[in-house]
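So you can see what is in the structure, the chains are spelled out below.
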Amino acid sequence: MDQYLPILLLGLLGLGFTVFSLVSSAILAPRKKPSAAKLSPYECGIVPNREPPQRFPVRFYLVSMIFIIFDIEIVFLYPWAVVFHQIATFGLIEVIVFAAVVFVSFLYLISNGALTWGPPKTLQSGLPARTSDSTISRISAARPEPGEAA
Amino acid sequence: MIGALWNTLQTAPDQGGGDPLFVFGLNWGVVLIVAVKVLVAFGVLLVATALMIWFERKVISDMQSRVGPNRAGPWGLLQTLADGTKLIFKEDLLPDRADIFVFKLAPYLSVIPAVLIFAVVPVGGTITLGTHTFELQVSDPPMGILFVLAMSGIAVYGVMLAGWSSGSKYPLLGSVRASAQVISYEAALGMSVVTVVLVSRSLSTRAIVAAQSNGFWHWNLIRLGFFPFIFFMIAITAELTRPPFDLTEAEQELVGGFHTEYSSIRFGLFFLAEFMNTITMSAVVVTLFFGGPNGPIPHAIPGATIYMPIVYFILKTVAFCFIYVWFRAALPRLRYDQLMDLGWKRLIPLTLAWLLMVASVLTWRWWGLVMLPVVVVSAVLLFRANHLGSGRSEEDAIIPVVGRRVTGAPRLTPVDAPHGGDA
């Protein structure tokens, strides 16, 4: 375990540096009582009128769940890679089978659209695909006319 | 040519990690050397980070025909120091809706892993002082490269918790994006590292470097056929959330991303950690693919075994720091769906395929040719699956898509959108 002593010391040094910075800032920074506007969430000058969101798109959860499969695959690959020269052909066949199993589940995920993000090509059949032209025309359509109230 | 390449694959030395300093156990001399090593490494890392921030600003202003920082010190070299000092004197704000404990904890979770990663990077050869022989590297644990991945994994918590605890819209979105992005590219990153471990036969960074010591044709860049390096470089840029993958702090959309609510030195610490990570990851790329402190031709300069490795290491690392800045100046930011597609649908299958190819060639030279049709068939299957998947996301997606207005089409509301946008 001696090999980890320098890492521990470096970690303590990093911790010390962080504490030192924060303490010196606490001593040197102005300590006025900030106004309510200053303490409110930053939304580019708009006063927030509702609670901060605690929800976000479920896709992010989906990605982190799928990630676990791949992370576990990689965790298994490290010890395999270290001893690969000893187990040679046997190791190769094992890992091909393993990779095939993971790959099939990967194909399943992709073919279900679990990893498909972003703008769909068409929303309804018959609508034009999303191109530079369609975006430009959409934006110019959304802009109010000079006389029109915004 | 292929025969020579084959030989380079076969001659990797088989060794684990371990700094010879600890061979005779701990005593005061050893502890003193460790303390000096750690202090020097930390000092160098801090100064290098300050210089990196200056370097980035100066290079990017050159690329944009601006002058850049030029007031503080010669050529503006002390600009970072001035900025840091200024930040310490700034008002430290704890937002109303913040979760105070987590809000204060997050900078630690960002800075400490950033500092620690540098510990396993080999900087030079070995030095003998009296009875003590030690490596020019803070620490050489047997699982070296896993430590890098572990620390970059912990750093995600810093970003995630910072955004979540701010109690504000933009930081939350920024941090959620950041976490999804970092974990998406971690798989590709891990598999390119596995490819390196395959030929190095060890997880120790020192052993990985030692396996590349016989000239530049032994560097993993060439031995592994360039692609793992390219995959690794893309993945690591995304891990660092540096341009063109800096969606976490896309100013036009998210103000400052996860650190929008942070001010004073708390913000400064995130900034410091980010640039520290840029340097250490450049060093990690050099370690894995460019022979670390090894020169391009062994024994080219006789008798210079102590300082030349350090010079080579610094030159290579600075080159990669420059490349990161160059990326920022040259490449536009990706859209989020492009980012996810690149990570999941391209990088992961490609790194996996290349990993299997390298493993096959290592077993028997012609296995590579046998593997090739398998890879092609898998690619066709993947392409077909992707086609199915993107079609399905429009018809019966797992997550319904929200309506979007196209000129000439009636405005879609969540109610009359075909899949019910509010489901």
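These numbers were taken from a predicted model, which means no experiment stands behind them.

How each quantity is defined
Residues numbered from 1 in each chain as written. Chains lettered and ligands numbered in written order. Predicted model: local features only at pLDDT ≥ 70, side-chain atom pairs only at ≥ 80, totals over all residues. Helix = DSSP H or I, 4+ residues; strand = E, 2+ residues; numbered from the N terminus. Buried ≥ 20, exposed ≤ 12 C-beta atoms within 10 Å, placed from the backbone. Contact = placed C-beta atoms within 7 Å. Expected span 1.5 Å × (residues − 1). Bend = angle between axes of the 7 residues up to and from the residue. Nonpolar A, V, L, I, M, F, W, Y, C, P; charged D, E, K, R; others polar. Axes fitted to C-alpha atoms, helices over the stretch in contact; angles between N-to-C directions. Parallel < 35°, antiparallel > 145°, perpendicular 65-115°, else oblique. Core = buried A, V, L, I, M, F, W, Y, C linked by C-beta atoms within 7 Å. Pairing = 2+ DSSP bridges. pLDDT = per-residue confidence, 0-100.

Caption draft 1: View of the overall build of chain A. Across its full length, chain A carries five helices and zero strands. Reading chain A from its N end, one meets helices and strands in the order α-α-α-α-α. Split into buried and exposed, the 150 residues of chain A put 22% on the buried side.

Caption draft 2: Just the overall build of chain B, in detail. For chain B, the helix and strand inventory stands at 14 helices and two strands. In chain B, buried positions account for 51% of the 423 residues. Put simply, 75% of the contacts in chain B that link residues at least 6 apart link residues at least 24 apart.

Caption draft 3: Looking closely at helix H4 (residues 84–111) of chain A. All names here are of chain A. In a regular helix each residue adds 1.5 Å, so 28 residues correspond to 40 Å; H4 covers only 33 Å between its end C-alpha atoms and thus falls short of that length. The axis of H4 is deflected most strongly, by about 70°, at Phe90. Phi turns positive one or two residues past the end of H4, at Gly113, with a value near 80°.

Caption draft 4: Geometry of the interface of chain A and chain B. Across the boundary between the two partners, chain A contributes 75 residues, which contact 93 residues of chain B. Sorting the residues of the side of chain A that touches chain B by element identifies helix H1 (5–28), helix H2 (36–39), helix H3 (59–82), H4 and helix H5 (132–142) of chain A as the ones contributing at least two each. It is H1 of chain A that contributes the most residues to the side of chain A that touches chain B, 16 residues altogether. Of the residues in the side of chain A that touches chain B, the class split is 49 nonpolar, 20 polar and six charged.

Caption draft 5: Focus on the packing of H3 of chain A against H4 of chain A. Residues and elements named next belong to chain A. One can describe the packing of H3 onto H4 by two numbers: an axis separation of 10 Å at closest approach and a directional angle of 175°. The angle between H3 and H4 places the two elements in the roughly antiparallel class. Counted together, Ile66, Ile69, Glu73, Trp80 and Ala81 of H3 and Phe84, Gly91, Val95, Val102, Ser105 and Leu109 of H4 form the full contact between these two elements. Tallied by class, the residues present in the contact of H3 with H4 amount to eight nonpolar, two polar and one charged.

Caption draft 6: Just the nonpolar core, in detail. Ranked by size, the top nonpolar core spans 142 residues in total, and within it Leu10 of chain A together with Val115, Ala235 and Val285 of chain B carry the most contacts. Ranked by residue count, the leading element in this core is helix H6 (residues 169–200) of chain B, at 19 residues.

Caption draft 7: Fine view of the pairing of strand E2 (residues 132–135) of chain B. Residue and element names in this part refer to chain B. Sheet topology note: the strand E1 (residues 126–129)/E2 ladder contains four bridges and is antiparallel. In the sheet register, Thr126 faces E2, and the bridge partner there is Glu135. As consecutive antiparallel partners, E1 and E2 are separated by two residues, and within that stretch Gly130 has a phi angle of approximately 60°, a positive value.

Caption draft 8: Geometry of unusual backbone geometry. Residue and element names in this part refer to chain B. A cis amide bond links Pro243 to the next residue, Pro244, at an omega of 0°. By the secondary structure assignment, Pro244 is in the loop between helix H9 (227–239) and helix H10 (251–254). We note that Trp75 has phi near 55°; this positive angle belongs to a residue other than glycine. For Trp75, the position within the fold is in the loop between helix H2 (28–63) and helix H3 (79–88). A positive phi angle is found at Phe226, which is not glycine, with a value near 60°. Topologically, Phe226 is positioned in the loop between helix H8 (220–223) and H9.

Caption draft 9: Just the environment of Gly84 of chain B, in detail. All names here are of chain B. Following the sequence through the fold, Gly84 ends up in helix H3. For Gly84, a count of 18 C-beta atoms within 10 Å puts it in the partly exposed group. Once the C-alpha coordinates of Gly84 and Ala155 are considered, the two residues, 71 residues apart in sequence, prove to be 22 Å apart.

Caption draft 10: The arrangement of the environment of Thr116 of chain A in detail. Its location among the elements puts Thr116 of chain A in the loop between H4 and H5. In this structure, the C-alpha to C-alpha distance between Thr116 of chain A and Pro79 of chain A, residues 37 residues apart in sequence, is 32 Å.

Caption draft 11: Region of interest: the confidence of the model for chain B. Residues and elements named next belong to chain B. Across chain B, the average pLDDT comes to 82, with 88% of residues at 70 or higher. Model confidence for chain B, summarised as mean pLDDT per element, is weakest for helix H1 (residues 2–10) at 49 and strongest for H9 at 92. In the model, residues 8–14 has pLDDT below 50 throughout and makes 13 contacts with residues more than four positions away in sequence or in other chains. Scored below 50 in pLDDT, residues 396–423 makes 42 contacts in the model with residues more than four places away or belonging to other chains. Of the two predicted TM-score estimates for the complex, the pTM is 0.83 and the ipTM is 0.80.

Caption draft 12: Structural view of H3 of chain A. Its 24 residues give H3 of chain A an end-to-end C-alpha distance of 35 Å, which sits within 8% of 34 Å, the value for a rise of 1.5 Å per residue. Among all positions in H3 of chain A, only Val63, Phe70, Glu73, Ile74, Leu77, Ala81 and Val82 of chain A are buried. Close packing links the buried residues of H3 of chain A with H4 of chain A together with H6 and helix H13 (336–363) of chain B.

Caption draft 13: Highlighting the packing of H2 of chain B against H3 of chain B. All names here are of chain B. At their nearest, the axes of H2 and H3 sit 8 Å apart, and the two run at 110° to each other. Classed by the angle they form, the pair H2 and H3 counts as roughly perpendicular. When H2 is examined against H3, the residues Ala50, Ile53 and Trp54 are found in contact with a partner set consisting of Gln79, Thr80 and Leu81.

Caption draft 14: Geometry of the environment of Leu5 of chain A. Residue and element names in this part refer to chain A. Mapped onto the elements of the fold, Leu5 is located in helix H1. Assessed through the 19 C-beta atoms surrounding it within 10 Å, Leu5 is described here as partly exposed. Along the primary structure Leu5 and Phe67 are separated by 62 residues, whereas in three dimensions their C-alpha atoms are 32 Å apart.

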